[in-house]
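Here is how the chains run, residue by residue.
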Amino acid sequence: MAARIKKDDVVFVRSGAHKGRTGKVLEIWPDKQRVIVEGINQVWKHIKPSEKNRKGGRIKKEAAIHLSKVQPIDPATGKGTRVKFKVVDGLKRRVAAKTGSDLGVVGKA
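Conventions and cut-offs
Residues numbered from 1 in each chain as written. Predicted model: local features only at pLDDT ≥ 70, side-chain atom pairs only at ≥ 80, totals over all residues. Heavy atoms only, no water. Helix = DSSP H or I, 4+ residues; strand = E, 2+ residues; numbered from the N terminus. Rg over C-alpha atoms; globule rule 2.2 N^0.38 Å. Phe/Tyr/Trp six-rings, centres within 6.5 Å; stacked < 30°, edge-to-face > 60°. Lys NZ or Arg CZ within 6 Å of the ring centre and 35° of its normal. Pairing = 2+ DSSP bridges. Axes fitted to C-alpha atoms, helices over the stretch in contact; angles between N-to-C directions. pLDDT = per-residue confidence, 0-100. Core = buried A, V, L, I, M, F, W, Y, C linked by side-chain atoms within 4.5 Å. Buried < 20%, exposed > 50% of the residue type's maximum accessible area, 1.4 Å probe, protein only. Contact = heavy atoms within 4.5 Å.

(A) Main features of the overall build of the protein. For the protein, the helix and strand inventory stands at zero helices and ten strands. Along the protein, helices and strands appear, N-terminal first, in the series β-β-β-β-β-β-β-β-β-β. Whereas a compact globule of 109 residues would reach a radius of gyration of roughly 13 Å, the protein reaches 17 Å, over 25% beyond that. Based on the C-alpha atoms only, the size of the protein along its principal axes is roughly 55 × 30 × 20 Å.

This is the structure we're talking about:
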């Protein structure tokens, strides 16, 4: 299955505690259907003292959210959009469903 969301996409969070916020995709795990978005779903991680970090402590980091909760931002409207796929000049491209704006190349068709 082709990827509707890719790393470095700017996405809109459509449901959950962070509904309505946007952020850049840092990591994506297609097998687990999870995505990490910059500044979204931050949790405290407790760090045990070690050679590297003598004191230990707590750090804030982004946790994964489900892939179905995010949509790529349409460059034409600035809102979240569904994704279609079109073949143009032998390349499979991601396209915004409503406006038809190009969201990038997926690969060869």
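Text resumes after the structure shown.
(B) Structural detail: the packing of aromatic side chains. Applying the stated criterion across every chain yields a total of zero aromatic pairs. It is Lys 32 that lies over the ring of Trp 29; its NZ or CZ is 5.7 Å from the centre. When the ring centre of Phe 85 is taken as reference, the NZ or CZ atom of Lys 92 above it lies at 5.1 Å.

(C) Structural view of the sheet that holds strand S10 (residues 102-108). The sheet built from three strands is open, its strands ordered S8-S9-S10 with antiparallel pairing. Pairing within the sheet leaves two strands with one partner each, and these edge strands are strand S8 (83-88) and S10. Neighbour-to-neighbour, the strand axes of the sheet open up by a mean angle of 30 degrees, direction not taken into account. Here S8 runs beside strand S9 (residues 91-96); their pairing, made up of six bridges, is antiparallel. Note that in S9 the partner of Phe 85 across the bridge is Arg 94.

(D) Expanded view of the confidence of the model for the protein. Here the protein averages 90 in pLDDT, while 97% of its residues score no lower than 70. No element of the protein has a lower mean pLDDT than S10, which averages 79, and none a higher one than strand S3 (residues 34-37), which averages 96.

(E) Structural context of the nonpolar core. Core analysis: the biggest nonpolar cluster contains nine residues, these being Ile 5, Val 11, Val 13, Val 25, Val 35, Val 37, Ile 40, Ile 65 and Val 70. At the level of secondary structure, the elements contributing two or more residues to this core comprise strand S1 (10-13) and S3. Beyond its immediate chain neighbours, meaning those up to four positions away, Ile 65 contacts Gln 33, Arg 34, Val 35, Val 37, Ile 40, Asn 41 and Val 70.

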